[in-house]
Amino acid sequence: MAPDSHQRFAPCPDRLARAPRARLEGKASPDRLTLPPIALQGALLALVSRDVAQLALNPAQRLSHFPASPLVTLSWFDTDDMGLVDAQGQWQPFGARIMISGSHSHPTTSWSPHCDRGYMACLLPDAAARLFGIALGAIQDRFQPAHTVLGAAWHPLLDALLGARDDGAAMRVLEAHLAPRWRAAQGGAADRPSLRQMGRHWVQRLAWQAHQWRDTHSARQVERRIKTFSGRSLREWQTLTRTEGLFFAARERYETGQPFDWATLALDEGFSDQAHLSRVTRQICGFPPTEFAERYIEDESFWIYRLWV
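1. Examining the packing of aromatic side chains
- In total, this model carries 11 aromatic pairs according to the counting rule given.
- An angle of 85 degrees between the planes, with centres 6.0 Å apart, marks the rings of Phe66 and Trp303 as edge-to-face. Here Phe66 is found in strand β3 (residues 64-66), whereas its partner Trp303 is found in helix α11 (residues 303-308), with 237 residues between them in sequence. Trp303 carries the same exposure label as Phe66, and that label is buried.
- Here Phe287 and Phe302 contribute two aromatic rings whose centre-to-centre distance is 5.6 Å and whose plane-to-plane angle is 55 degrees, an arrangement assigned as tilted. Of this pair, Phe287 sits in the loop between α9 (274-285) and α10 (289-298) while Phe302 is found in the loop between α10 and α11, placing the two residues 15 residues apart along the sequence. Summarising the burial analysis for this pair, Phe287 and Phe302 share the class buried.
- Counting every residue linked through ring pairs, the aromatic cluster contains Phe287, Phe292, Tyr296, Phe302 and Tyr305.
- When the ring centre of Trp154 is taken as origin, the NZ or CZ atom of Arg181, which lies over that ring, is 4.1 Å away.

2. A word on the sheet that holds β3
- Ordered in space as β3-β8-β5-β6, the four strands form an open sheet in which the pairing is antiparallel. Only two strands of the sheet have a single neighbouring strand rather than two, namely β3 and β6 (91-93). On average, adjacent strands in this sheet sit at an angle of 30 degrees to one another, irrespective of strand direction.
- Direction of pairing for β3 relative to strand β8 (residues 108-111): antiparallel, over a ladder of three bridges.

3. Concerning the environment of Ala170
- Looking at where Ala170 falls in the secondary structure, it is placed in helix α4 (residues 167-186).
- Residue Ala170 is classed as buried on the basis of its relative accessible area of 0%.
- Here the alpha-carbon distance between Ala170 and Ala121, two residues 49 residues apart in the chain, equals 9.3 Å.
- If sequence neighbours within four positions are ignored, Ala170 has contacts with Leu47, Trp76, Tyr119, Leu161 and Ala164.

4. Overview of the sheet that holds strand β2 (residues 44-51)
- With antiparallel pairing, the six strands of this open sheet are ordered in space as β1-β2-β9-β4-β7-β10. Each of the sheet's edge strands pairs with one partner strand only, and the pair in question is β1 (31-34) and β10 (143-145). Averaged over neighbouring strand pairs, the angle between their axes works out to 20 degrees when direction is ignored.
- Here seven bridges tie β2 to strand β9 (residues 117-123), and the two strands are oriented antiparallel to one another. Across the sheet, the residue bridging to Ser49 is Tyr119, located in β9.
- Each of β4 (72-77), β7 (98-101) and β9 touches helix α1 (residues 125-132); the most contacted strand, β9, lies at about 95 degrees to it.
- Along the sheet, α4 contacts β1, β2, β4 and β9; its crossing angle with β2, the most-contacted strand, is approximately 150 degrees.

5. Here we look at the nonpolar core
- Ranked by size, the top nonpolar core spans 64 residues in total, and within it Leu74, Trp76, Ile100, Phe132, Leu174 and Leu178 carry the most contacts.
- Considering each element in turn, this core owes the most residues, eight residues, to α4.
- When neighbours within four sequence positions are excluded, Leu74 is seen to be in contact with Met99, Ile100, Tyr119, Met120, Ala121, Phe132, Ala146, Leu150, Leu158 and Leu161.

6. A few points about α1
- Of all eight residues that make up α1, six are buried, and the element is covered over most of its length.
- All buried positions along α1 are accounted for by Pro125, Asp126, Ala127, Ala128, Leu131 and Phe132.
- The positive-phi residue at the C-terminal boundary of α1 is Gly133, with phi of around 65 degrees.

7. Considering helix α3 (residues 155-163)
- The set of residues buried in α3 consists of Leu157, Leu158 and Leu161. Seen from one end, α3 has its buried residues packed into an arc of 95 degrees, which puts them on one side.
- Next to the buried residues of α3 lie β4, β7, α1, α2 (146-150) and α4.

8. Here's the deal with the packing of α1 against α4
- α4 packs onto α1 with a crossing angle of 105 degrees between their chain directions and a minimal axis gap of 10 Å. Classified by the interaxial angle, the pair formed by α1 and α4 is roughly perpendicular. Residues Ala127, Arg130, Leu131 and Phe132 of α1 form the contact with α4, whose own contacting residues are Leu178, Arg181, Trp182, Ala185 and Gln186.
- In the contact of α1 with α4, the residues fall into six nonpolar, one polar and two charged.

9. Things to note about the pattern of salt bridges
- Scanning the model with the defined rule gives nine salt bridges in all.
- Between Arg50 and Glu300 there is a salt bridge, and its shortest N-O distance comes to 2.8 Å. Of this pair, Arg50 sits in strand β2 while Glu300 is found in the loop between α10 and α11, placing the two residues 250 residues apart along the sequence.
- Of the residues examined, Glu300 reaches a relative accessible area of 4% and is grouped as buried.
- Each of Arg18, Glu291, Glu294, Arg295, Glu298 and Asp299 takes part in one network of salt bridges that share partners.

The rules behind the values
- Residues numbered from 1 in each chain as written.
- Predicted model: local features only at pLDDT ≥ 70, side-chain atom pairs only at ≥ 80, totals over all residues.
- Heavy atoms only, no water.
- Phe/Tyr/Trp six-rings, centres within 6.5 Å; stacked < 30°, edge-to-face > 60°.
- Helix = DSSP H or I, 4+ residues; strand = E, 2+ residues; numbered from the N terminus.
- Buried < 20%, exposed > 50% of the residue type's maximum accessible area, 1.4 Å probe, protein only.
- Lys NZ or Arg CZ within 6 Å of the ring centre and 35° of its normal.
- Pairing = 2+ DSSP bridges.
- Axes fitted to C-alpha atoms, helices over the stretch in contact; angles between N-to-C directions.
- Contact = heavy atoms within 4.5 Å.
- Core = buried A, V, L, I, M, F, W, Y, C linked by side-chain atoms within 4.5 Å.
- Arc of directions from axis to C-beta.
- Parallel < 35°, antiparallel > 145°, perpendicular 65-115°, else oblique.
- Nonpolar A, V, L, I, M, F, W, Y, C, P; charged D, E, K, R; others polar.
- Salt bridge = Lys/Arg side-chain N within 4 Å of Asp/Glu carboxyl O.

What follows is the structure, given as structure tokens:
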């Protein structure tokens, strides 16, 4: 896609624009989360899909806000005009229909004027590194065309995903192409914890690896090894998973009609105080806790939080 080709589209809305949740009027929810089959447990955390073809969305409702995340994702779309909106409000389409992305230390915002259907295959970082043979640091904080990054050996998988007609077909493609490699990589079956537990389990394994390395390496060497192995420091991983726990706890309070007592939540989830919670929440999702809670309930662009948490 030429650098200026996106100018033919309607202007991208302000990255922080508010827009109410879409009216379904009897239609099925456009957002779905599918857990992996047994053969992919421990590698694929979930398949997320969104199909808004039957909804009349205004430009601001086509924004999507995503939190900072430790996960590796394969994302594919029905058009090539999906892209990111940066902190200055500039939108740049990817120019490709299937992208790979590593962990993100900051929240991101995506937008497309035309894309109606998209998928995200969410993979645990170490599993993605072993399956695809990629260095996690090379893809962190960025989206790159998957056909280029993964190479020709993976093109059959990528092309089949682009041709999948629905969630079931997409999951069958993932299983057919990834399960044999995953079995070979892990050498046995893995248990599947809940979504809330999965990230914490991985970070716990990373912490244990760091502990083992301390027997033969200095603290600085261990830190360097963790960054080389995972793309981030152990402290950064721990911050991400602690904040995800906060999101789950806040949802439980909301659904049971309890007030959002941020000070108590902060202490319960391992933060030093409410100010610490507020700083980290801004870092992970881009908003202070109270505004995040309001947008979570009301804004269409926060669909991934409602689906995931």
